Amino acid sequence: MKHLMTPLDFSVEELEKLFLLANDIERHPDKYAHDCDGKILATCFYEPSTRTRLSFESAMLRLGGQVLGFSDAASSSASKGESVSDTIRVISCFAHICAMRHHKEGAPMVAATKSTIPVINAGDGGHQHPTQTLTDLLTIRSMKGRLNNFTVGLCGDLKFGRTVHSLIHALIRYSGIRFIFISPEELRVPDYIIEELREKQIPFEEVIRLEDVMGSLDLLYMTRVQRERFFNEEDYVRLKDFYILDKKKMNLAKSDMLVLHPLPRVNEISVEIDNDPRAVYFKQVQYGVYVRMALILTLLGIR
Ligand code: CP
């Protein structure tokens, strides 16, 4: 039985198969409409979500399966003190596969050790968000035709941003990747990732001003400054509008640069660029459904 805790749980070859399956699902959804007849997905979300939970549910429903779960720890027995280990043992009696989001780093991993069904990490604290990374990779691969040879700018909260951490880990397995980390001093990429990049001799630079590097980027991954990860409101207020991607900055970018964002956005991308063909963050959401359909089929051993 396979779980998904980090994007590295799949080899590059396994990811390639997953993306081919996702692209086939996109082209021929009817072929897959009954693959999960009789199967149940549980979504156990201890933290808020719109995209991840609902795209998992949409994915399972499109495959002919059914869904159950909770979207708030307060409405589950976690509010009475139940551990994730006990909860997953119970959920294993109800469902065939589980997607879990938790505010504590490592909680889905603890659940996986006690589970008799595949567990998918749907985001754990500031640590990892592997299915967002699968979504990001599928979007890039589908729109650019490759996953290698890119200068990738990651901008915003690079310290607490689990989508950023997962994406960096996934991309360093492809050749010709160069990173430009764009963040205020307080929100820089964690040291453990910087050390890993140095060890693996992956080229990267850290800058503060987005304007200075716009022209050299092939991909720009914007992120939100996350209020929920700050210990005090004052720091959040000071940093929340540090970056705002607008038309003026987009004019500095290559004509084929892609702008990605895991969403939700707050102010970091002006709505005035939503119709720019380079802005693909809403297409990303659609790819998220196809890749989660492919993931469910793969982890259940159906395809
Ligand atoms: N991208 C993402 O994780 O969005 P949600 O928090 O809405 O699931």
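Each remark here, short or long, concerns the structure printed above.
All values derive from a computational prediction rather than experimental measurement.

### A closer look at the pairing of strand E4 (residues 119–124)
Alright, step 1. Extensive coverage of E4 is indicated by the burial of six of its six residues.
Alright, step 2. As defined by bridge partners, strand E3 (residues 97–102) adjoins E4 across four bridges and the pair is classed as parallel. Residue Ala-99 lies in a different strand from E4, and its bridge partner there is Ile-120.
Alright, step 3. Read as a crossover between parallel neighbours, the route from E3 over helix H4 (residues 107–114) to E4 is right-handed.

### Let's talk about the environment of Leu-21
Alright, step 1. You can see Leu-21 is positioned in helix H1 (residues 12–27).
Alright, step 2. If sequence neighbours within four positions are ignored, Leu-21 has contacts with Tyr-32, Ala-294, Leu-297, Thr-298 and Arg-303.

### Examining the packing of aromatic side chains
Alright, step 1. For the coordinates displayed, the defined rule picks out six aromatic pairs.
Alright, step 2. Judged by centre distance (5.2 Å) and plane angle (85°), the ring pair of Tyr-46 and Phe-70 falls under edge-to-face. Of this pair, Tyr-46 sits in the loop between strand E1 (40–45) and helix H2 (51–62) while Phe-70 sits in strand E2 (residues 66–70), placing them 24 residues apart in sequence.
Alright, step 3. Residue Tyr-46 is classed as buried on the basis of its relative accessible area, which comes to 9%.
Alright, step 4. A relative accessible area of 14% means that Phe-70 is categorised as buried.
Alright, step 5. Taking the centre distance of 6.5 Å and the plane angle of 70° together, the rings of Tyr-287 and Tyr-290 count as edge-to-face. Taken together, the positions of Tyr-287 and Tyr-290, both in helix H10 (residues 281–299) and three residues apart, correspond to about one turn of that helix.

### Concerning unusual backbone geometry
Alright, step 1. The residue after Leu-263, namely Pro-264, is reached through a cis peptide bond having omega 5°.
Alright, step 2. With respect to the helices and strands, Pro-264 occurs in the loop between strand E9 (258–260) and H10.
Alright, step 3. Positioned with a positive phi, Asn-149 is a non-glycine residue whose angle comes to about 60°.
Alright, step 4. Secondary-structure assignment places Asn-149 in the loop between helix H5 (130–144) and strand E5 (150–155).
Alright, step 5. Notably, Gln-201 is not glycine yet its phi reads approximately 55°, a positive angle.

### Observations regarding the side chain of Asp-136
Alright, step 1. Turning to its location among the elements, Asp-136 is positioned in helix H5.
Alright, step 2. Among buried Asp, Glu, Lys and Arg side chains, Asp-136 stands out as unpaired, with Arg-292 the closest opposite charge at 8.1 Å.
Alright, step 3. What Asp-136 contacts, discounting residues up to four positions off in sequence, is Leu-167, Tyr-221, Leu-260 and Gln-284.

### Topic: the sheet that holds E2
Alright, step 1. A sheet is described by the order of its strands in space; here four strands give the open sequence E2-E1-E3-E4, paired in parallel fashion. Both edges of this open sheet fall to E2 and E4, since each of them pairs with a single strand only. Between one strand axis and the next, the sheet turns through 15° on average, direction left out of account.
Alright, step 2. Bridging between E1 and E2 involves five bridges; their strand directions are parallel. Within E2, the position partnered with Thr-43 by the bridge is Gly-69.

### Here's the deal with the nonpolar core
Alright, step 1. Core analysis: the biggest nonpolar cluster contains 59 residues, and Leu-154, Ile-168, Phe-179 and Phe-181 have the highest contact counts within it.
Alright, step 2. At 10 residues, the largest contribution of residues to this core is made by H10.
Alright, step 3. For this core, the two domains that each supply at least three residues are domain 1 (7–128 + 287–299) and domain 2 (131–284).
Alright, step 4. The contact partners of Phe-179, leaving out residues within four places of it in the chain, are Val-152, Leu-154, Ile-168, Leu-171, Ile-172, Leu-197, Ile-202, Pro-203, Phe-204 and Glu-205.

### Let's talk about the site of the ligand
Alright, step 1. Surrounding the ligand, one finds Ser-49, Thr-50, Arg-51, Thr-52, Arg-101, His-129, Gln-132, Pro-262 and Leu-263.
Alright, step 2. Here an oxygen atom of the ligand sits 2.8 Å away from a polar atom, N or O, in the main chain of Thr-50.
Alright, step 3. Measuring from a nitrogen atom of the ligand, one finds a backbone N or O atom of Leu-263 at 3.0 Å.
Alright, step 4. Here the ligand loses 91% of its free accessible area of 260 Å² to cover by the protein chains.
Alright, step 5. In a pocket analysis with a 2 Å cut-off to the grid points, the ligand is assigned to the largest pocket.
Alright, step 6. Taken together, the residues that form the shell around the ligand break down as two nonpolar, five polar and two charged.

Calculation notes
- Residues numbered from 1 in each chain as written.
- Predicted model: local features only at pLDDT ≥ 70, side-chain atom pairs only at ≥ 80, totals over all residues.
- Heavy atoms only, no water.
- Buried < 20%, exposed > 50% of the residue type's maximum accessible area, 1.4 Å probe, protein only.
- Helix = DSSP H or I, 4+ residues; strand = E, 2+ residues; numbered from the N terminus.
- Pairing = 2+ DSSP bridges.
- Right-handed = clockwise from strand over helix to strand, strands pointing away.
- Contact = heavy atoms within 4.5 Å.
- Phe/Tyr/Trp six-rings, centres within 6.5 Å; stacked < 30°, edge-to-face > 60°.
- Lys, Arg positive; Asp, Glu negative; His and termini not counted.
- Salt bridge = Lys/Arg side-chain N within 4 Å of Asp/Glu carboxyl O.
- Axes fitted to C-alpha atoms, helices over the stretch in contact; angles between N-to-C directions.
- Core = buried A, V, L, I, M, F, W, Y, C linked by side-chain atoms within 4.5 Å.
- Domains from an automatic or database assignment.
- Near = heavy atom within 4 Å.
- Polar contact = N/O pair within 3.5 Å; in protein donor to acceptor, adjacent residues only side chain to side chain.
- Areas by Shrake-Rupley, 256 points an atom, 1.4 Å probe, with all protein chains shown as cover.
- 1 Å grid on protein atoms, 1.4 Å probe; cavity = no way out; pocket = protein on both sides within 12 Å on 5 of 7 lines; lining within 4 Å.
- Sits in = over half its atoms within 2 Å of the grid points.
- Nonpolar A, V, L, I, M, F, W, Y, C, P; charged D, E, K, R; others polar.

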